[in-house]
There are 2 protein chains.
Amino acid sequence: MNSAADKRVTLADVAKLAGVSKQTVSRVVNGSEHVTEDTRTRVLQCIDTLGFRPSALARQLSTGRSQTIGVVSNGGQGYLVSGVAYLGMVRQADKMGYALLIKEMTDFSSGSIRTMLDYLIERQVDGVIWAGPEIGDSHAWLDTFDAASLPMPLVAINAKPRPGVDTVSFDNFEAGRVATRHLLSLGRKNIGHIAGPTNRWVSQQRVEGWKAALAEAGTSEMARNVVEGDWDVHTGGPGLRRLLEICPKLDAVFVGSDRMAIGVLAEAHKLGLRVPEDLAVMGVDNLPESAYLIPPLTSMTQDTPRMAEVALRLLVRRICERRGEPYPEACAIPENPLLTHDLVVRQSTLCGKLASK
Amino acid sequence: MNSAADKRVTLADVAKLAGVSKQTVSRVVNGSEHVTEDTRTRVLQCIDTLGFRPSALARQLSTGRSQTIGVVSNGGQGYLVSGVAYLGMVRQADKMGYALLIKEMTDFSSGSIRTMLDYLIERQVDGVIWAGPEIGDSHAWLDTFDAASLPMPLVAINAKPRPGVDTVSFDNFEAGRVATRHLLSLGRKNIGHIAGPTNRWVSQQRVEGWKAALAEAGTSEMARNVVEGDWDVHTGGPGLRRLLEICPKLDAVFVGSDRMAIGVLAEAHKLGLRVPEDLAVMGVDNLPESAYLIPPLTSMTQDTPRMAEVALRLLVRRICERRGEPYPEACAIPENPLLTHDLVVRQSTLCGKLASK
DNA sequence: CTGAAAGCGCTTACAG
DNA sequence: CTGAAAGCGCTTACAG
């Protein structure tokens, strides 16, 4: 009898049963204080017997806020962003009372971007996280983006900081520099770098960091020892082989991702190169698995869930600001924060001798 | 001037400018045929000049459909489900014109479940994917679940099939059996199993499959060689050590996840056990990395994105059925399908001699 | 082909 | 403390 097939129970139904106005029921539902304890309990009871569930849709339409944040990603390529980062976002969104509306983009033509933004506007999301990785000129539209042209605030993650656009990214330049310095500090003389795709902002920054470290050490000639991978494990091996062609005396390699580094370790093993004695290897990401590789992999920890969290908080801050409301303390995020990686040294770069220098 | 701060442009605004009724504008927006080419172009032009974006919210309220599917997950534990599976869902949802509303649960008390369902009802999602892994009695509520009590259909993934509840899962029993048969076929006599958490349905099924294979082979005495892990890489090593205590002559191990298998490989290496000569090792998941481990890992491929896709299609089918509408061909999914894993044999179980038997 | 009316289920001022 | 009215922006019959 109380089946879902029945018509939806509305505020009006409750009001009628309780013998009050919709108004009053609304007050009870929203916890207004201006209701007698008497009527409140009566209304609550009617809500219960009728199994009333307020329609969020209707509320959203009248209040103009959807308590929803749109997340635009590109699933195919952003492995980490799509997986681990979601966890950070979902959790944070939940805490702040927002739901996440997930959308995916497959190309970044200006038409597709317009369509996506229009969709989000139609859905009236309260804010947008632009989570697609910056590939080529995929984010070029942000260069001329006028924040005021969008009815809701937008925060980009893992993209190049731009004036007028909120961005939460890792300091990939610094990551490249710290990694390279580490290999230099081991006394390695022929270091190579297997970068991520060269059209990625993240990769480019890491390459710049690597160059900077080499320059600091007066060894800029190594800068040509760079090959391109695609982040994925299967490009690690071929990357190593190409590096060995460029630089046969290669004795260390800074790999752009732990997954490619796994490929490098496999290839080194196949080639009979001892790690770290003959070849020091390090990656970026510090996957849970990395500590258990053979040998355990030195890496740069990248706290992706944290990036997602910070982005969400910043977004909520912007949402509140636009509405002229105070924002929660937790949302006091600095402008365009650059999150840092941490170096975790393990056996793949640490051979007894050199380490204890 | 056309800033977003301005009031929202509505159907009425367009109607006024075009000198027609809201009605007609609505027809144009929704591509109705009963509009003169003349008025259509005029209206379209007005839409363009005004930058009109129809409010999905308002449409949803009047049509009663949100074109949104609620996905309930539990981020902390469902690494794969939360990451890779989302990609399959998002993609499929997009194709079928739905957006995904992501929610996370941290506990499975009946109160939390009720709250979550109420939330989804309030949001008026068109359907629900229940994606939390089945842990202990987390899904017990489904045993007495009356589908008609929910205003929208629900599909559970990776859970025990139950009468009256749509479920899309892997055939983990068969996976356990196939894996164990593989190790038996190699001539191994002392096989062990590192299971996932014993309170997980998935783990239990695999253990049952493993027992079944042993029974078939008349070697049920091996069935006691089971220890529990938590799916994660760090429990692989300890798992192996405990197995060696139980069964010092251990010569093969069926590991419940590739990530734990990575831990096992690391531990075996540390103990001086040769893989596969002394110890054959295999996992489940067939991660991209697994082919590049040392040695390359035999595994059972688990197409998680496909599970997500299938679940979404089945859900869309149910949504259409409830409304008495025909459903897309792609949604003709069988009831409670069990997806299968594929055995991928690699070096970690394949030593020359035994393999060529 | 086109339009006036009523309704989706809430909330926001405004009175009492 | 409580209620009648108008409105959020669209769509669904019903007429013409």
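Residues numbered from 1 in each chain as written. Chains lettered and ligands numbered in written order. Predicted model: local features only at pLDDT ≥ 70, side-chain atom pairs only at ≥ 80, totals over all residues. Heavy atoms only, no water.

Under an unreviewed UniProt entry, the name given to chain A is LacI family DNA-binding transcriptional regulator, and the organism recorded is Uliginosibacterium aquaticum.

Novice: Explain the overall build of chain A residue by residue, including any values.
Specialist: For chain A, the count of helices and strands is 13 helices and 12 strands. The C-alpha radius of gyration computed for chain A amounts to 27 Å, which surpasses the reference 21 Å derived for 357 residues by more than 25%, pointing to a less compact arrangement than a globule. Reported as C-alpha extents along the three principal axes, the dimensions of chain A are approximately 90 × 40 × 35 Å. A burial count over chain A gives 56% of its 357 residues as buried. For chain A, the proportion of contacts with a sequence separation of at least 24, taken over those separated by at least 6, is 73%. Charge separation in chain A, taken as the distance between the mean sites of 40 positive and 40 negative side-chain charges, equals 1 Å. (Helix = DSSP H or I, 4+ residues; strand = E, 2+ residues; numbered from the N terminus. Rg over C-alpha atoms; globule rule 2.2 N^0.38 Å. Buried < 20%, exposed > 50% of the residue type's maximum accessible area, 1.4 Å probe, protein only. Contact = heavy atoms within 4.5 Å. Lys, Arg positive; Asp, Glu negative; His and termini not counted. Charge placed at Lys NZ, Arg CZ, Asp CG, Glu CD.)

Novice: Give a detailed account of the protein's contact with DNA strand C, specifying residues and quantitative values.
Specialist: In the vicinity of DNA strand C lie 27 residues, with Leu11(A), Gln23(A), Ser26(A), Gln23(B) and Thr36(B) positioned nearest. Restricting the count to atoms of DNA strand C within 4 Å of the protein gives a sugar and phosphate share of 61%. One nitrogen or oxygen atom from the side chain of Gln23(B) is found 2.3 Å from a base nitrogen belonging to DNA strand C. Within the side chain of His34(B), an N or O atom sits 3.0 Å from a phosphate oxygen of DNA strand C. Looking at the surface near DNA strand C, the elements with two or more residues in it are α2 (22-29) and α4 (56-63) of chain A together with α2 (22-29) and α4 (56-63) of chain B. If you tally residues by element for the surface near DNA strand C, the top one is α4(A), at 4 residues. Its residues assigned to classes, the surface near DNA strand C shows 7 nonpolar, 14 polar and 6 charged. (Near = heavy atom within 4 Å. Polar contact = N/O pair within 3.5 Å; in protein donor to acceptor, adjacent residues only side chain to side chain. Nonpolar A, V, L, I, M, F, W, Y, C, P; charged D, E, K, R; others polar.)

Novice: Tell me about the confidence of the model for chain A, residues and numbers included.
Specialist: With 94% of its residues at a pLDDT of 70 or more, chain A has an overall mean of 89. Counted against residues more than four places away or in other chains, residues 1-5 of chain A, with its pLDDT under 50, gives 8 contacts. (pLDDT = per-residue confidence, 0-100.)

Novice: Can you explain a nonpolar patch on the surface? Please cite residues and give values.
Specialist: Residues and elements named next belong to chain A. Taken together, Leu343, Val345 and Leu350 make up a surface patch of nonpolar side chains, about 210 Å² in accessible area. If you trace the backbone, valine 345 turns up in the loop between β12 (342-344) and α13 (352-355). Assessed through its relative accessible area of 39%, valine 345 is described here as partly exposed. (Patch = residues over 30% accessible without salt bridge, like charges linked within 9 Å, V, L, I, M, F, W, Y side chains within 5 Å. Areas by Shrake-Rupley, 256 points an atom, 1.4 Å probe, with all protein chains shown as cover. Salt bridge = Lys/Arg side-chain N within 4 Å of Asp/Glu carboxyl O.)

Novice: Residue-level account of the protein's contact with DNA strand D, with values.
Specialist: Gln23(A), Thr36(A), Leu11(B), Gln23(B) and Ser26(B) are the nearest of the 27 residues found near DNA strand D. Taken together, the sugar and phosphate atoms account for 60% of what DNA strand D places within 4 Å of the protein. Within the backbone of Leu11(B), one N or O atom sits 2.4 Å away from a phosphate oxygen of DNA strand D. Ala58(B) places a polar main-chain atom, nitrogen or oxygen, 3.4 Å from a base nitrogen of DNA strand D. Per-element tally for the surface near DNA strand D: the top contributor is α4(B), with 4 residues. Looking at side-chain class alone, the surface near DNA strand D contains 7 nonpolar, 14 polar and 6 charged residues.

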